[in-house]
Amino acid sequence: MTTTQTLLGIESSCDDTAAALVRGAPGDMHVLSSVVFGQAELHADFGGVVPEIAARAHAERLDVSIAAALEQADLGLDQIDAIAVTCGPGLIGGVVSGVMMAKGLSAATGLPLYGVNHLAGHALTPRLTDGVAFPYLMLLVSGGHCQFLIAHGPDKFERLGGTIDDAPGEAFDKVARLLGLGQPGGPAIEAISAHGNAVRFAFPRPLANKPGCDLSFSGLKTAVLRARDDLVAAQGGLHASDQADLAASFQAAVRDSLVGKSARALEAYLALNPPQPTFCVAGGVAANMAVRAGLEAVSSGLGVRFLAPPLSLCTDNAAMIAAAGIEQMAVRGPDGMTLSARPRMPLDTERAGMLGSGKKGAKA
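Residues numbered from 1 in each chain as written. Predicted model: local features only at pLDDT ≥ 70, side-chain atom pairs only at ≥ 80, totals over all residues. Heavy atoms only, no water.

Colleague: I'd love a proper account of the overall build of the protein, names of residues and values included.
Modeller: Helix and strand counts for the protein stand at eleven helices and twelve strands. Over its C-alpha atoms the protein spans a radius of gyration of 20 Å, differing by no more than 12% from the 21 Å that the globule rule assigns to 364 residues. Along the first, second and third principal axes, the C-alpha atoms of the protein reach 65 × 50 × 40 Å. In the protein, which comprises 364 residues, the share counted as buried stands at 52%. Of the contacts made within the protein by residues no fewer than 6 positions apart, 70% connect residues no fewer than 24 positions apart. Accessible surface, the protein: about 14500 Å² in total, of which carbon and sulfur atoms supply 53%. (Helix = DSSP H or I, 4+ residues; strand = E, 2+ residues; numbered from the N terminus. Rg over C-alpha atoms; globule rule 2.2 N^0.38 Å. Buried < 20%, exposed > 50% of the residue type's maximum accessible area, 1.4 Å probe, protein only. Contact = heavy atoms within 4.5 Å. Areas by Shrake-Rupley, 256 points an atom, 1.4 Å probe, with all protein chains shown as cover.)

Colleague: Hey, could you go over the pairing of strand 5 (residues 113–117) for me, with residue numbers and the actual values?
Modeller: The buried count for strand 5 comes to five of five residues, which makes it a mostly enclosed element. A two-sided burial pattern is seen for strand 5, the buried positions comprising Leu113, Gly115 and Asn117 on one face and Tyr114 and Val116 on the other. Of the strand pairs in this sheet, strand 4 (residues 82–88) and strand 5 are connected by five bridges, and their pairing is parallel. In the sheet register, Ala84 faces strand 5, and the bridge partner there is Tyr114. (Pairing = 2+ DSSP bridges.)

Colleague: Give a detailed account of the pairing of strand 6 (residues 136–141), specifying residues and quantitative values.
Modeller: Taking burial as the measure, the six residues of strand 6 include six buried ones, the bulk of the element. Taken together, the six bridges between strand 6 and strand 7 (residues 146–153) define a ladder with antiparallel strand orientation. Counted as the bridge partner of Leu137 is Ile150 from strand 7. A loop of four residues connects strand 6 with strand 7, the two strands running antiparallel in sequence. Where strand 6 and strand 9 (residues 278–282) come together, four bridges link them in parallel fashion. For Leu137, the partnering residue across the bridge sits in strand 9 and is Phe279.

Colleague: Which residues make up the packing of helix 7 (residues 185–193) against helix 9 (residues 240–270), and what values do they have?
Modeller: Each packed pair of helices is defined by two parameters, the angle between the axes and the distance between the axes. In the contact formed by helix 7 and helix 9, the axes pass within 8 Å of each other and the chain directions differ by 110°. In terms of orientation, helix 7 and helix 9 fall into the roughly perpendicular class. Note on packing geometry: the crossing formed by helix 7 with helix 9 is left-handed. Residues Ile189, Glu190, Ile192 and Ser193 of helix 7 form the contact with helix 9, whose participating residues are Gln243, Ala244, Ala247, Ala248, Phe250 and Gln251. In terms of residue class, the contact of helix 7 with helix 9 is built from six nonpolar, three polar and one charged. (Axes fitted to C-alpha atoms, helices over the stretch in contact; angles between N-to-C directions. Parallel < 35°, antiparallel > 145°, perpendicular 65-115°, else oblique. Left-handed = near helix turned anticlockwise from the far one by under 90°. Nonpolar A, V, L, I, M, F, W, Y, C, P; charged D, E, K, R; others polar.)

Colleague: Give me the sheet that holds strand 9: which residues, what numbers.
Modeller: Across the sheet, five strands lie side by side as 8-7-6-9-10; this open sheet has mixed pairing. Every interior strand has two partners, whereas the edge strands, strand 8 (156–162) and strand 10 (305–307), have only one. Shown here is a sheet whose adjacent strand axes are inclined to one another by a mean of 25°, direction ignored. Both strand 9 and strand 10 contribute to a ladder of three bridges, which runs parallel. In the sheet register, Cys280 faces strand 10, and the bridge partner there is Leu307.

Colleague: Describe in detail unusual backbone geometry, supporting the description with residues and values.
Modeller: Residues Gly88 and Pro89 are joined by a peptide bond in cis, for which omega reads -10°. Among the structural elements, Pro89 can be located in the loop between strand 4 and helix 3 (92–109). Going from Phe134 to Pro135, the amide bond is cis rather than trans, its omega being -5°. The phi torsion at Leu207 lies on the positive side, around 65°, for a residue other than glycine. Structurally, the position occupied by Leu207 is in the loop between helix 7 and helix 8 (218–235).

Colleague: Tell me about the sheet that holds strand 3 (residues 28–38), residues and numbers included.
Modeller: With respect to topology, five strands assemble into an open sheet ordered 3-2-1-4-5, the strand pairing being mixed. Each edge of the open sheet carries a strand with a single partner, namely strand 3 and strand 5. Averaged over neighbouring strand pairs, the angle between their axes works out to 25° when direction is ignored. In the packing of helix 11 (residues 319–329) onto the sheet, the strands contacted are strand 1 (5–11), strand 2 (16–25), strand 3, strand 4 and strand 5, and the crossing angle to strand 1 comes to about 130°.

Colleague: An account of the packing of helix 2 (residues 51–73) against helix 3 is requested, with residue identities and associated values reported.
Modeller: With their axes 9 Å apart at the nearest point, helix 2 and helix 3 run at an angle of 35° to one another. For the element pair helix 2 and helix 3, the recorded crossing hand is right-handed. Two secondary-structure elements touch here, helix 2 through Ala55, His58, Ala59, Leu62, Asp63 and Ile66 and helix 3 through Gly93, Gly94, Ser97, Gly98, Met101 and Leu105. Along the lines of polarity and charge, the residues of the contact of helix 2 with helix 3 split into six nonpolar, five polar and one charged.

Colleague: I'd like a rundown of a nonpolar patch on the surface, residues and numbers included.
Modeller: A cluster of nonpolar side chains, namely Ile92, Val96 and Met100, defines an oily patch on the protein surface of about 250 Å² accessible area. Mapped onto the elements, Ile92 comes out in helix 3. When its relative accessible area of 35% is taken as the criterion, Ile92 is described as partly exposed. (Patch = residues over 30% accessible without salt bridge, like charges linked within 9 Å, V, L, I, M, F, W, Y side chains within 5 Å. Salt bridge = Lys/Arg side-chain N within 4 Å of Asp/Glu carboxyl O.)

Functional significance is not addressed by these values, which are geometric in nature.
Laid out in structure tokens, this is it:
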């Protein structure tokens, strides 16, 4: 199926309740509307996302977000062709909320229902924004995930490597808390880093000398903790300049780690001799300008096109889910009422999970 389709996308995998309308065909799409209700104020006092609070907020806001997206696009449910919804991975309460809402709409309207892997939404974003041709290299870097993927098609992703512990966004949040900064941690650290000395602290670049494309950020977080504690012990607290220098040095270490492993991932990708070599980045951490600049530099040095989505499409949104639905409609049928919500849902199902597996399947 390659004809023009109009899809309603629904996203509720973490702490953003989102709905969007996207129209087009695979590789040639445009966003008609995109509505995102964040939950930062609900979780601010807890230093992170509380799953129960997030799930309750999704249940309260999903119908509002869908109505707003339809109004913004000036469309009715009778004018769309299908519904796409995030069915995993994510906080299970939020994922269930979105899937049940999508099932209800599908049952009431008779519209086909497509379950979309949240990670595929991010990974296919370059197809929505720029119509990038397969295969391309994708660095998916967010609060919960970090993977190098070769996107061979709308439903075929080859994982080259990823984090063996914390995701970069998770590390940003934890370090922000260590330094007494606000949440979410990524924007807070990026803002204060602009006033800091990025070479004051010699933080490690974990796994830098290990072959392959795997990354690690847990030890880096611990190094920041120890540096902070040393300063507190020596001077009785942290000065504003200490906060800025710690943040800047940490951000530089994350950037260098991602850049170094990106060079290796690009080498593996270029070995395939892709006709239009392209390196893309997506996910919340892709909004960090220092990280973007480093990735763009390594890509340019190898003569590969670099592509980062608009900031509004870096973080969780439903436009990417609707777009992924359009891509997948061309290669498979709908899921229907048998669609289930999954907390774990790896993109590359042919490789062993990086973080181990449990009763509910591979984590990543």
